[in-house]
Each structure stands twice: as structure tokens, then as C-alpha cells.
Amino acid sequence: MDSLTLSTAKIANGAIVCCECDLQGDITIGSRTVIHPRAKIIALSGPIIIGENNIIEEQVQIINSSETTMVIGNNNVFEVDCHVESKFIGDNNIVESKGSNKESLATVFHNASSSVLAFVGRQTSLSNGCVIGAKCEVLVAETLQEGSLFYGAGSDVKRRVQSDKPSAQGAQIEFLSKVLPNYHRIRKPLG
């Protein structure tokens with residue numbers, strides 16, 4: 001299932017973008033970024049620029065419904081089934097698994113099994129080294145302090161600043177760059 005809009009997606013050399021992902025709109029993907037099958041990156045109104053060395057796993061949804069450019073820095077990890085609409089994401093951030101939203105891309109919804117899922121909203125910007133834990137919804141209208149950590153679920157989400165930075169994902173990117181082409185068709189770099 002190829003749903004990539006070829007005329008507007010720019011893929012840098014060294015990026016691994018599976019053909020089974022859904023890319024729509026004006027999207028730029030940096031070198032050594034890995035995009036798994038079934039990930040959705042949708043630039044509805046404004047463009048999305050994704051930096052280098054990012055990992056975007058299965059069923060991740062990154063959506064820009066704003067006319068301003070969504071910028072995702074370098075060395076970020078978006079784990080399985082997370083949902084991100086933040087206009088700015090710095091470097092070395094992790095958005096853990098199980099994220100999605102309800103009502104017109106603004107809040108978190110319950111999936112078919114009725115478990116609450118994590119979500120990063122449009123008005124929240126991630127600086128550097130932030131971790132959004134599994135099943136957390138982050139809808140604050142601010143730029144998160146470096147090293148912010150959100151954990152818990154539902155109405156019991158807590159926040160603190162962590163002293164350690166998230167670990168680098170170089171080894172995982174290297175592994176995925178070798179393994180994914182063995183099992184999936186990969187988009188050729190453009191531009």
C-alpha cells in the first residue's frame with residue numbers, strides 16, 4: 001500500500017522510509033531518520049520538517065493541522081502508536097508508546113479497548129531531552145523545560161525534571177537501517 005505523496009515528500013540520503021508508511025503533504029525527512037511501516041506523517045496545512053537520526057515507529061501519527069511549519073529536531077524517538085501535533089520538538093526527546101487523540105486533534109481519546117492513550121498537543125513544544133511517558137496526555141500551552149518528564153496516566157499525570165538525558169539511539173538506528181530493507185520496500189531518497 002503506497003500512499004506516499006511523491007511530489008511533496010523530500011527524503012534525504014541515508015534515511016530509511018518504508019513504502020508502507022503514509023506521508024501526505026509537504027514533508028522533509030533528514031538523513032538517518034527511520035520511518036517504520038504504518039506510520040502516518042500528515043502535513044494538512046503547513047509543512048513538516050523532520051531532522052536527522054529520528055526513529056518513527058509503527059502506527060505513530062505526526063500531524064500538522066496548522067499553517068505554520070512543524071519542526072522536529074534530531075535524535076528523537078516516537079514509539080509505537082503515539083500521536084504528536086506539537087509545532088516544535090527539539091532534540092533528544094522520547095514520546096513513548098500508546099498515544100492518540102479524540103475530538104478534532106485536540107485531546108486524548110479511548111481506543112477500542114477503552115485504555116487512555118498518551119498525546120502531545122499543538123500548543124505544547126518540547127525543548128530538549130524531554131520524555132512523554134506512555135499513556136500521558138500533554139496539552140499545556142508552553143515550551144517544556146529541558147529534561148521534563150511526564151509519567152502516569154489519565155488524570156494522574158505527574159511532571160518532574162530528570163537529571164539524566166535520554167540515551168542516544170545510534171545503535172538502534174544502525175540496526176534498523178540494516179534490517180528493515182530486508183523485509184520492507186524502502187523509498188528512494190529524493191533531492
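Residues numbered from 1 in each chain as written. Predicted model: local features only at pLDDT ≥ 70, side-chain atom pairs only at ≥ 80, totals over all residues. Heavy atoms only, no water.

- Per an unreviewed UniProt entry, the recorded name for the chain is Dynactin subunit 6, and the organism is Daphnia magna.
- Word for word, the UniProt comment on the chain under Subcellular location (unreviewed entry) is "Cytoplasm, Cytoskeleton".
- The Function (unreviewed entry) field of the UniProt record for the chain holds the comment "Part of the dynactin complex that activates the molecular motor dynein for ultra-processive transport along microtubules." (UniProt positions renumbered as here; feature names shortened; annotations may be inferred.)

Remarks on helix 1 (residues 170-183)
(1) Moving on: Between its first and last C-alpha, helix 1 extends 21 Å over 14 residues, near the 20 Å set by a 1.5 Å rise per residue.
(2) Moving on: Roughly 25° is the biggest bend found in helix 1, and it falls at L176.
(3) Moving on: Of the residues making up helix 1, those classed as buried are I173, L176 and L180.
(4) Moving on: The secondary structure elements touched by the buried residues of helix 1 are strand 2 (16-17), strand 5 (34-35) and strand 8 (55-56). (Helix = DSSP H or I, 4+ residues; strand = E, 2+ residues; numbered from the N terminus. Expected span 1.5 Å × (residues − 1). Bend = angle between axes of the 7 residues up to and from the residue. Buried < 20%, exposed > 50% of the residue type's maximum accessible area, 1.4 Å probe, protein only. Contact = heavy atoms within 4.5 Å.)

Side note on the pairing of strand 6 (residues 40-43)
(1) Moving on: Bridge analysis of strand 3 (residues 22-24) against strand 6 gives 3 bridges, and the strand direction is parallel. Note that in strand 6 the partner of L23 across the bridge is I41.
(2) Moving on: Bridging between strand 6 and strand 9 (residues 61-64) involves 4 bridges; their strand directions are parallel. Looking at strand 9, one finds that K40 is bridged to Q61. (Pairing = 2+ DSSP bridges.)

Remarks on unusual backbone geometry
(1) Moving on: Not every positive phi belongs to a glycine, and R38 is a case in point at roughly 70°.
(2) Moving on: Tracing the sequence through the fold places R38 in the loop between strand 5 and strand 6.
(3) Moving on: Given the relative accessible area of 55%, R38 is considered exposed.
(4) Moving on: Non-glycine residue Q59 carries a positive phi angle of around 65°.
(5) Moving on: Mapped onto the secondary structure, Q59 falls in the loop between strand 8 and strand 9.
(6) Moving on: Overall, the relative accessible area of 30% leaves Q59 in the partly exposed class.

A look at the sheet that holds strand 2
(1) Moving on: With respect to topology, 8 strands assemble into an open sheet ordered 2-5-8-11-14-17-20-21, the strand pairing being mixed. The open sheet has two edge strands, strand 2 and strand 21 (158-161), and neither has a second partner.
(2) Moving on: Here 2 bridges tie strand 14 (residues 94-95) to strand 17 (residues 131-132), and the two strands are oriented parallel to one another. Bridge pairing links V95 to I132 in strand 17.

Describing the nonpolar core
(1) Moving on: Counting residues in hydrophobic clusters, the biggest one holds 32 residues, and the most contacted among them are I29, I41, I56, I62, F78 and I132.
(2) Moving on: Listing elements by their share of this core, those giving two or more residues are strand 1 (9-11), strand 4 (27-29), strand 6, strand 7 (48-50) and strand 10 (70-72).
(3) Moving on: Filtering out sequence-adjacent residues up to four positions away, F78 remains in contact with I55, I56, E57, V60, I62, I72, V84, I89 and V95.
(4) Moving on: Ranked by size, the runner-up nonpolar core spans 11 residues in total, among them I16, C18, I55 and L180. (Core = buried A, V, L, I, M, F, W, Y, C linked by side-chain atoms within 4.5 Å.)

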